[in-house]
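Understanding the architecture of this molecule
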Amino acid sequence: MSGRFLSIGECMVELSHAGAGLLRKGFAGDTLNTAWYARACLPADWSVEYFTALGDEAMSDEMIAFYKQAGIGTEFIRRIKGKAPGLYMISLKDGERSFSYWRDNSAARQLAADAELLREAIEASDVVYFSGITLAILSRNDADTLLAEVRRAKAAGKIVAFDPNIRPRLWSGYDMMHTTISEGARASSLVLPSFDDEATHFGDVSIAATIQRYRTLGATDVVVKNGAEGATLSFDGVESFVPAEKVEQVVDTTSAGDSFNGAFLARYLETKDAPAAAAFAAKVAARVVSEHGALVAWEKLGIDKA
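Residue numbers run consecutively from 1 along every chain, following the written order of its sequence. Per-residue local features of the predicted model are confined to residues with pLDDT of at least 70, and side-chain atom pairs are confined, for both listing and counting, to 80 or more; whole-chain, interface and lining totals are unaffected and use all residues. Water and hydrogen atoms play no part in the side-chain values, which are based on all heavy atoms of the structure.

Helix and strand assignments come from DSSP, with helices taken as H or I runs of at least 4 residues and strands as E runs of at least 2, each series counted from the N terminus. Counting its regular elements, the protein chain contains 10 helices and 15 strands. Expected size for 306 residues packed as a compact globule is a radius of gyration near 19 Å; at 18 Å, the protein chain falls within 12% of this value. Taking the principal axes of the C-alpha coordinates as reference, the protein chain spans close to 50 × 45 × 40 Å. The proportion of buried residues among the 306 residues of the protein chain is 54%. A separation threshold of at least 6 residues defines the contact pool for the protein chain, and within that pool the share at least 24 residues apart is 68%. On the protein chain, roughly 13,200 Å² of surface is accessible, and the fraction owed to carbon and sulfur atoms is 50%. Positive residues here are Lys and Arg, negative ones are Asp and Glu, while His and the chain termini are left out of the count. Where a charge lies is defined by one atom per residue type, namely NZ (Lys), CZ (Arg), CG (Asp) and CD (Glu). Side chains of the protein chain give 32 positive and 41 negative charges; the mean places of these two sets differ by 2 Å. Each radius of gyration reported is based on C-alpha atoms, and the globular scaling rule is 2.2 Å times the count of residues to the power 0.38. Partly exposed residues are those whose accessible area sits between 20% and 50% of the maximum for their type, while under 20% is buried and over 50% is exposed, using a 1.4 Å probe and protein chains only. The criterion used for residue contact is that any of the two residues' heavy atoms lie within 4.5 Å. Under the convention used here, a 1.4 Å probe and the Shrake-Rupley method define accessible areas, while residue burial counts only the protein chains that appear.

Printed below as a string of structure tokens:
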């Protein structure tokens, strides 16, 4: 089986402290991270495309070159005159990371403004992936455009995967956040939530409650990630549990969930065996959190292709 995996969202410029008063530049963002790990884990006959909007300046050019070097397609990336990517900086104090963001005017906020290009990209793909962050950065009209297109893809029988990735600071209020994330789940065939987020922001008292809520909204399949406690799956109404992989020393959890999602989807697309795909994803995520940074070099992942 071969196909096209389309990830929709925002990649930002990442600045982190490199010592001696210097900063290190990188690129990262939840949906780009997932595309990175999907590309690492999928066979060569699958293509991985990133759908976003970038500016017309040098940093956007660098991002495009970075994607291409990683084997991530750029065919559907829209370039907007006078715009630029968003930026965030990581600060470290007593071992704890905190983030400062500059994204209010980023090009990616207009990624769904060209409805024709969005439809073309989705129609050309077999799997569509997006997140709650994707929805949060868009205007209400553009979020509605994206939701309409992914609903259309789901109705056409495509796999539409959604990680709620709840970030309250990106939303205008809790009501809007709850409503739009629920709409994202309703438009999807597979939802990949993190239980701590769901318990905190939706009041779920158990993993079973999270699964039931998303299945009631219309998701056929649900994978609830629960960090070191493992993952609980519900596929076609059949539940299973996959333990997390033991990690000797956790170094950086930035991309734990994103890497799990990319690895899970890649292996599931190959095997259609959800528990085996989750076990594989747990191993990849364990390698990722043992390294620094959101995008870990593929040779460090110990990937055994299906």
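Considering the arrangement of structural elements, one finds Glu149 in helix α5 (residues 140–155). By relative accessible area, which is 7% here, Glu149 ends up buried.

When a carboxyl oxygen of Asp or Glu is within 4 Å of a side-chain nitrogen of Lys or Arg, the pair counts as a salt bridge. Across all of its chains, the model carries 15 salt bridges by this definition. The closest approach of N and O atoms between Arg140 and Glu183, which form a salt bridge, is 2.8 Å. A residue pair is termed long-range when its members are at least 10 positions apart, and Arg140 in helix α5 and Glu183 in helix α6 (residues 174–186) qualify at 43 residues. Judged by relative accessible area, which is 29%, Arg140 ranks as partly exposed. Look at the salt bridges and you will find they share partners, linking Arg4, Glu49 and Glu75 into a network.

Between helix α1 (residues 30–41) and helix α9 (residues 256–271), the shortest axis-to-axis distance is 7 Å and the interhelical angle comes to 40°. One way to sum up the angle between α1 and α9 is to call them oblique. Pair α1 / α9 crosses with right-handed handedness. Counted together, Asp30, Asn33, Thr34, Tyr37, Ala38 and Cys41 of α1 and Asp258, Ser259, Asn261, Gly262, Ala263 and Ala266 of α9 form the full contact between these two elements. The class makeup of the residues in the contact of α1 with α9 is five nonpolar, five polar and two charged. Helix axes are fitted only over the stretch in contact, all axes being lines through C-alpha atoms; the angle between N-to-C directions runs from 0 to 180 degrees. Just so you know how the angles are binned, under 35 degrees is roughly parallel, over 145 roughly antiparallel, 65 to 115 roughly perpendicular, and the rest oblique. The handedness criterion is simple: a crossing whose near helix is rotated anticlockwise from the far helix by less than a right angle is left-handed, and one whose near helix is rotated clockwise is right-handed. For this classification, the nonpolar set comprises Ala, Val, Leu, Ile, Met, Phe, Trp, Tyr, Cys and Pro, the charged set comprises Asp, Glu, Lys and Arg, and every other residue, Gly included, is treated as polar.

For the rest of this paragraph, the subject is helix α3 (residues 115–123). Residues of α3 that are buried include every one of Leu117, Leu118, Ala121 and Ile122, and no others. Buried residues of α3 fall within an arc of 130° about the axis and therefore sit on the same side. Those residues of α3 that are buried lie in contact with β1 (3–8), β4 (46–51), β7 (78–79), β10 (127–131) and α5. Arc definition: it is the arc formed by the directions from the helix axis to the C-beta atoms.

Here the focus is the side chain of Ser131. Tracing the backbone through its elements, the reader meets Ser131 in strand β10. Residues adjacent in sequence count toward polar contacts only when both atoms are side-chain atoms; beyond that, a polar contact is any pair of N or O atoms within 3.5 Å, and within protein one must be able to donate a hydrogen and the other to accept it. Polar contacts involving the side chain of Ser131 include one to the side chain of Asp30, which spans 2.6 Å. Those residues in contact with Ser131, other than ones at most four positions away along the chain, are Asp30, Thr31, Phe162, Asp163 and Asn165.

On to the pairing of strand β13 (residues 221–225). Among the five residues of β13, five are classified as buried, and the element is accordingly described as predominantly covered. Note: two strands are recorded as paired if DSSP finds a minimum of 2 bridges between them. Bridge analysis of strand β12 (residues 190–191) against β13 gives two bridges, and the strand direction is parallel. For Leu190, the partnering residue across the bridge sits in β13 and is Asp221. Examined bridge by bridge, β13 and strand β14 (residues 231–235) share five bridges and lie antiparallel to one another. By the bridge assignment, Lys225 is partnered in β14 with Ala231.

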